[in-house]
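Observations on the model geometry
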Protein chains: 2
Amino acid sequence: MLKKQLIMERALELFAKQGFESTSVQQITEHCGISKGAFYLSFKSKDELIIALIDHFMMQITTEIDQIVRNTPNDEELLYKFYYAIYHSFHKQSDFAKVLIKEQSQTFNKDLILKMRYYDKLIENNILSMIERLYGEEVRQTKYDLMYCIKGFMNTYSQLFVFYNVPLDLKLLSESLVEKTNLLARHTTVPFISQELIEIVKQPMNAEVTKEQILEIVGQRIEEIETSIEKESLILLQGQLLEPTLPPAIVKGLLGNISNHPHCKWISYLLRRYYNF
Amino acid sequence: MLKKQLIMERALELFAKQGFESTSVQQITEHCGISKGAFYLSFKSKDELIIALIDHFMMQITTEIDQIVRNTPNDEELLYKFYYAIYHSFHKQSDFAKVLIKEQSQTFNKDLILKMRYYDKLIENNILSMIERLYGEEVRQTKYDLMYCIKGFMNTYSQLFVFYNVPLDLKLLSESLVEKTNLLARHTTVPFISQELIEIVKQPMNAEVTKEQILEIVGQRIEEIETSIEKESLILLQGQLLEPTLPPAIVKGLLGNISNHPHCKWISYLLRRYYNF
DNA sequence: TTGACAAATGACCCAATAGTCATTATTATA
DNA sequence: TATAATAATGACTATTGGGTCATTTGTCAA
């Protein structure tokens, strides 16, 4: 399990520099100081490695955004915190950000594309719910456009510090984008992206996580963490998934119990979506 | 010369579907109905092909934008025409747009990256001069931010019809983006991208076209086009490059002569930059 | 110390692919 | 028609890189 982490870290460095396709397994193993065979003990294939990397980091970013949106009671601060967290994440994990930008929508692997689409939609949903909370009725017609603009800001500005090693003032950046977002939200009158368009675009996105997959992850977590309230809650949630008997209030409570455990952030996010909380 | 075009067209189709790296020369030649050897009669390598493709289309798009910015006297229309032209181009050449997005900043070839940076900067300059003309003093502090936002709009919205085959209302799209751009230009007060930051980012961009390269292209064009005012003008401009004797007014006039000839758009654009017109 | 089990190795296999070149087909010229 | 020049072919080479597996090394309980 430690070997796996070593490989992921070292491979990420190479991928960021050279790209995924141009990095051979040979190079990775040399960079790790292990043999080629050892690589295949940890990962079934080179593809499995990149998927593991993307999963790892995207989970982190997605949950981070989700937590901010849910745990910031003050509307005034929300947008600022959102932008700050995004760029802070990208900055901290700039190697990963590089890989993400370089490899974005590369065709070489169907699974990977679906995966990326999946995370993309998750982030879109988070942005949308933030928009709705902040501006409500005011942006009913223009919310999808606003969401696209926010995504545009995220992408365009992140290239600045991903490709040039410039020392950036994240606070100023966030502040600047908050102003722009507010401007667009409050004064836009000509929407382009309609509900209907969004529906069309949504189509090919059917890789929703299934109950079975959730159960699998729950099982893993139960094994991983030591006896505690969190573990007990997980076991109860596992039972609930297999045979629903508990009322929603209790389920929600159990979810609350685990949502701050460092190893349970992702699973609690998935469960919250599953139960529509 | 015809074979070259055939290869470029057919290869583009494959690149758009599968990406550059994942398309073999074999596949390209099969798709063209020619032999592998024939491919290497037209292009020295596979890399030369992708570079030719990118040159071809980026020249087209860059000159198109440049022409619009220079030939639209009415400020009211300018932004609209700009967005419309961009998306019209992307739509018409959607295969190329796909390749561009997929391959953007892929590391496999240094030349290519420099090339892309070069065109990127050209487009940035065009956007900047458009902004300055439209908003002048008003955006002195925020023009670079505005430029980045416009680029963000371009990228983000273009993904919509590059990756989903959605029938799009380009007029509405342009109108919508015009409104957003105006909003940001007129009301933004917190700039993030300073002059200084732009300077830093500019650094690695030293692949400016040299006089020798310009001369080479002029030579090619002179060979290509039949005797006419345009050809004569080109020959005079060639002389001027080798030994400057004519006053600026005449040079500018000569440039005007060729700037509408379908084969001279790119060279006239380069010359205009060279002489700072 | 021994033997059994797990972890790690790297030579090897195979498929794919960029690029070459001797040969053949086609066209232009005299 | 004969000859020269040009265009086109595709078998072949050299190399790379993902993945396998027989063998070696390390570990630990008896």
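Residue positions are given per chain, counted from 1 along the sequence in the order it is written. All chains are assigned letters beginning with A, and all ligands numbers beginning with 1, in the order in which they are written. A pLDDT threshold of at least 70 governs which residues receive local features in this predicted model, and a stricter bar of 80 or more applies before side-chain atom pairs are shown or counted, although totals over entire chains, interfaces and linings include all residues. Each side-chain value is derived from all of the structure's non-hydrogen atoms; neither hydrogens nor water enter the calculation.

Quick look at the protein's contact with DNA strand C now. What makes a residue near a molecule or strand is one non-hydrogen atom of that residue sitting within 4 Å of it. In the neighbourhood of DNA strand C, 14 residues make up the surrounding shell, with Lys3, Ser35 and Gly37 of chain A together with Val25 and Lys36 of chain B lying closest. Near the protein, within 4 Å, the atoms of DNA strand C are sugar or phosphate in 53% of cases. The backbone of Val25 of chain B places a nitrogen or oxygen atom 2.9 Å from a phosphate oxygen of DNA strand C. In terms of residue count, the dominant contributor to the surface near DNA strand C is helix H3 (residues 36-42) of chain A (four residues). Taken together, the residues that form the surface near DNA strand C break down as five nonpolar, five polar and four charged. The term polar contact refers here to a pair of N or O atoms within 3.5 Å; inside protein, the definition further demands a hydrogen-donor-capable atom paired with an acceptor-capable atom, and it admits residues adjacent in sequence only when both atoms are side-chain atoms. Here a strand is any run of E in DSSP of at least two residues, a helix any run of H or I of at least four, and the numbering for each starts at the N terminus. Nonpolar residues are Ala, Val, Leu, Ile, Met, Phe, Trp, Tyr, Cys and Pro. Charged residues are Asp, Glu, Lys and Arg, and all others, Gly as well, are polar.

To continue, consider the domain arrangement of chain A. Residues and elements named next belong to chain A. We note that the domain assignment places domain 1 (2-43), domain 2 (49-202) and domain 3 (211-274) within chain A. Start and end positions for the domains come from either an automated domain assignment or a database one. Centre-to-centre, using C-alpha coordinates, domain 2 lies 27 Å away from domain 3. Contacts between residues were defined by any pair of non-hydrogen atoms, one from each residue, lying within 4.5 Å. Residue-level contacts link eleven residues of domain 2 with eight residues of domain 3. Buried area: the accessible surface (1.4 Å probe) lost by two parts on joining, summed over both. Summing both sides of the interface, domain 2 and domain 3 together bury roughly 810 Å²; the carbon and sulfur share of this comes to 58%. Any carboxyl oxygen of Asp or Glu within 4 Å of a side-chain nitrogen of Lys or Arg constitutes a salt bridge here. Counting across the domain 2 and domain 3 interface gives one salt bridge. As a salt-bridge pair, Arg272 and Asp66 come within 3.1 Å of each other at their nearest N and O atoms. Seen at the junction of domain 2 and domain 3, the total is one residue pair in polar contact (both at pLDDT 80 or more). Sorting the residues of the side of domain 2 that touches domain 3 by element identifies helix H4 (46-71) and helix H7 (110-135) as the ones contributing at least two each. For the side of domain 2 that touches domain 3, the element with the highest residue contribution is H4, accounting for six residues.

This brings us to the relation of the copies chain A and chain B. When chain A is brought onto chain B, the operation consists of a screw motion whose angular component is 180 degrees and whose axial shift is 0.0 Å, with 0.1 Å RMSD remaining. Taken together, the rotation angle and the small translation identify this as a two-fold axis. Considering only C-alpha atoms, the residue of chain A closest to the rotation axis is Gly152 of chain A, which sits at 2.4 Å. When you check the interface residues of chain A against chain B, 98% turn up at the interface there too, and the contact is symmetric in its surfaces. Here the copies are matched by least squares. The fit uses the C-alpha atoms of residues with pLDDT of at least 70 in both.

It is worth spelling out the state of the cysteines at this point. The disulfide criterion is simple: two cysteine sulfur atoms within 2.5 Å. Under the criterion given, the structure shown has zero disulfides over all chains. Summary of cysteine pairing: Cys149 of chain A is not part of a disulfide, and the nearest cysteine sulfur, belonging to Cys149 of chain B, is at 8.7 Å. For Cys149 of chain A, a relative accessible area of 2% corresponds to the buried category. Partly exposed describes any residue whose relative accessible area lies between the buried limit of under 20% and the exposed limit of over 50%, with all areas from a 1.4 Å probe on protein chains only and scaled to the type maximum.

Turning to the protein's contact with DNA strand D, a few remarks are in order. As a matter of local geometry, DNA strand D sits amid 14 residues, with Val25, Lys36 and Lys46 of chain A together with Lys3 and Ser35 of chain B nearest to it. Tyr40 of chain A places a side-chain nitrogen or oxygen 3.2 Å from a phosphate oxygen of DNA strand D. Within the residue set of the surface near DNA strand D, elements represented by two or more residues are H3 of chain A together with helix H3 (36-42) of chain B. The element contributing the most residues to the surface near DNA strand D is H3 of chain B, with four residues. Within the surface near DNA strand D, the residues separate by chemical class into five nonpolar, five polar and four charged.

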